[in-house]
Every structure is written in C-alpha cells, then in structure tokens.
Amino acid sequence: MANQKDVVLRHSYPARVAHWLTALGFFMVAVSGLGFFFPSLHWLLGIMGTPQLAQFLHPVFGIVMVLGLVVLFLRNAPHCLPEKGDGKWFQHTADILKGNEHHVVEVGHYNPGQKMLFWKIMGLTLLLLITGLIAWRPYFADLFPIPLLRLALVLHSVCGILMMFLVIVHIYMGFWYKGTVRGMLYGTVTRSWAKKHHPRWLRELATKGNKNP
Ligand code: HEM
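Residues numbered from 1 in each chain as written. Predicted model: local features only at pLDDT ≥ 70, side-chain atom pairs only at ≥ 80, totals over all residues. Heavy atoms only, no water.

Asks: Would you mind showing me how to read the coordination of the iron atom of the ligand here?
Replies: Protein ligation of the iron atom of the ligand involves His 19 (NE2) and His 170 (NE2), the donor distances falling in the range 2.0 Å. What makes His 170 partly exposed here is its relative accessible area of 36%. (Donors = N, O, S within 2.8 Å, 3.2 Å for Na, K, Ca; no water. Buried < 20%, exposed > 50% of the residue type's maximum accessible area, 1.4 Å probe, protein only.)

Asks: Mind showing me how you'd approach the site of the ligand here?
Replies: Near the ligand, the surroundings consist of 20 residues, among which Arg 10, His 11, His 19, Gln 114 and His 170 are the closest. Here Gln 114 contributes a side-chain N or O atom positioned 2.7 Å from an oxygen atom of the ligand. A majority-of-atoms criterion places the ligand in the largest pocket. Secondary structure elements with two or more residues in the shell around the ligand: α1 (13-37), α2 (51-76), α5 (112-134), α6 (146-176) and α7 (181-186). Along the lines of polarity and charge, the residues of the shell around the ligand split into twelve nonpolar, seven polar and one charged. (Near = heavy atom within 4 Å. Polar contact = N/O pair within 3.5 Å; in protein donor to acceptor, adjacent residues only side chain to side chain. 1 Å grid on protein atoms, 1.4 Å probe; cavity = no way out; pocket = protein on both sides within 12 Å on 5 of 7 lines; lining within 4 Å. Sits in = over half its atoms within 2 Å of the grid points. Helix = DSSP H or I, 4+ residues; strand = E, 2+ residues; numbered from the N terminus. Nonpolar A, V, L, I, M, F, W, Y, C, P; charged D, E, K, R; others polar.)

Asks: Whenever I open this one, the packing of α2 against α5 confuses me. Can you help?
Replies: Axes are the key here: two packed helices are described by the angle between their axes and the distance separating the axes. Running from N to C, α2 and α5 cross one another at 140°; their axes reach a closest spacing of 11 Å. With respect to α5, the axis of α2 lies oblique. The element α2 and its partner α5 pack so that their crossing is left-handed. Counted together, Ile 63, Met 65, Val 66, Leu 69, Leu 72, Phe 73 and Asn 76 of α2 and Phe 118, Trp 119, Ile 121, Met 122, Thr 125 and Leu 129 of α5 form the full contact between these two elements. (Axes fitted to C-alpha atoms, helices over the stretch in contact; angles between N-to-C directions. Parallel < 35°, antiparallel > 145°, perpendicular 65-115°, else oblique. Left-handed = near helix turned anticlockwise from the far one by under 90°. Contact = heavy atoms within 4.5 Å.)

Asks: I would appreciate a short explanation of the layout of surface pockets in the present structure.
Replies: The rolling of a water-molecule-sized probe over the atoms marks out the regions of remaining empty space. Taken as a whole, the largest pocket holds about 1,200 Å³ of empty space. Every residue lining the largest pocket is counted, 43 residues in all, and those nearest its centre are His 19, Leu 117, His 170, Ile 171 and Gly 174. Those elements giving two or more residues to the lining of the largest pocket turn out to be α1, α2, α4 (93-97), α5, α6, α7 and α8 (191-197). Grouping the constituent residues of the lining of the largest pocket by class yields 29 nonpolar, 13 polar and one charged. Here the second largest pocket is characterised by a volume of approximately 950 Å³. If you trace the second largest pocket, you find 32 residues lining it, with Phe 36, His 58, Gly 132, Leu 153 and His 156 closest to the centre. If you list the elements that add at least two residues to the lining of the second largest pocket, you get α1, α2, α5 and α6. Grouping the amino acids of the lining of the second largest pocket by side-chain chemistry returns 23 nonpolar, eight polar and one charged. (Points joined across faces, edges and corners; volume = space filled by probe spheres on them.)

Asks: I tried to follow the packing of α5 against α6 on my own but got confused; where do I start?
Replies: Following both chains from N to C, one finds α5 and α6 inclined at 150°, their axes separated by 9 Å at the closest point. It follows from the interaxial angle that α5 and α6 lie roughly antiparallel. Note on packing geometry: the crossing formed by α5 with α6 is left-handed. Along the contact surface, α5 presents Leu 117, Lys 120, Ile 121, Leu 124, Thr 125, Leu 127, Leu 128, Thr 131, Gly 132 and Ile 134, while α6 presents Leu 149, Ala 152, Leu 155, His 156, Cys 159, Gly 160, Leu 162, Met 163, Leu 166, Val 169 and His 170. Looking at side-chain class alone, the contact of α5 with α6 contains 14 nonpolar, six polar and one charged residues.

Okay, structure coming up:
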C-alpha cells in the first residue's frame, strides 16, 4: 500500500458506490440477457433463481444500473467534454499503447479514449432504457403496438450486445493501465500514476482543488 502522502483522491465514496452498483446491475442484466437471447444459454437464467424470477429481476437490475450511471453521468460528464488535443491523442494510439502517452498530449482528468467510451456507454444506456421500458411486461408493453414492441426488442438486444463489448474493453483498459482499478476500489491513486497518465489533472488538482472526484 502506498504512503498516504503519495496518493491523491480520484473517486469519492458516493462515486465508487454508484460505479460498483452499476457494475453489479450490468453483470446481472448481461448474464440474464444472454440467457434470454440464446436458447443454448437459457441455463444462465439460473443466476436469478428461476426463468420466471429472471423475467421479473432483469429490468429491476437494469434500473439499478441506470441509476448508478445517472450518478456517474452527473459527476463525470464535465470531465468528458471534447478538448483541443483529443484528435492528436487518437492519431498516436500506437505510441500511447507503448506507454509513451506523455510525449503526445498532456492528458487531463480522462484521456480521449475514456471520454469516447463514456459517451458510447451513456448513449447505449439511454437506448437500452427506452427500448427496455417499451418491452417491460406487464407494466408498459401492452401500451404499444406489436411491430413497435418487436423493433424495441431487436434494438434492445443489439444495444445489449454492443454494451457487453464496450464493457469488456473498459475492464481490459482498467487493468492495462496498472494502478487504475485501485482508484475505483479505495478512492485514491498514486501521484506517480497520475503524473504518468493524467498529468494535467494532477496539476489542476494542486491549483483548483479536487471539487468533483
Ligand atoms: C469489473 C468491472 C469493472 C471494472 C474493473 C471497472 C473499472 C473502472 C475504473 C478503474 C474506473 C476509473 C478509471 C479512471 O479513474 O481513470 C472506472 C470508471 C468508470 N466505469 Fe467502470 N469498471 C467496471 C465495470 C463497469 C461497468 C459495467 C460500467 C457501465 C456499464 C462502467 C462504467 C464506468 C464509468 C461510466 C466510469 C467513469 C468514466 C470512465 O472512466 O469512463 N464500469 N471503471
């Protein structure tokens, strides 16, 4: 464990609770969603007890995930706006993957890759929410015509699969940048991690203070 003086706060306690509730909600909807979609994976519905319970709990966990993401959206959207230099970062992804990111641009709170992933996750979540509400039996589904219901279910499944790919990339990148996951577990990251991956954020912390970790 790093010395307290060598670490800075990256994610506050409420942000971490929201993040892990999102992850739990996502895991449950992803596993049960795969169980609904692929007949050969029907057995996965056992994660929620029975197929009937899965039908009831799938949207409930979906709402848990959405609520967690609303909190993450409110806290992180200001840090995920496009900035000058983002294009240059994308042009040099090979250098960045080799660990030479500090030669490319001085990265702020989030790097452009994280920002892009953030907006994709938020966009897909909105589509999943709308299509999921339309298809939610017995509450809303009967209010809509059958063709719209079918379209909603197709879109819901496509967005769900895309979201799984994005989350796999997100988790992989979290572990790829060593020292990142500890920020989401304990709240703090080491100064050397921040200096290497988010030097402008570290500099801004010293001048402005960390108002929205
Ligand atoms: C085992 C699963 C997961 C791990 C290990 C993980 C890890 C992380 C880490 C380390 C961060 C902070 C990145 C940083 O400080 O630079 C983060 C942020 C975030 N995570 Fe996750 N995450 C997981 C699951 C998820 C899921 C399922 C979602 C959404 C469906 C999600 C959405 C987000 C969002 C929106 C942020 C804040 C902005 C960003 O970094 O893109 N995470 N996650």
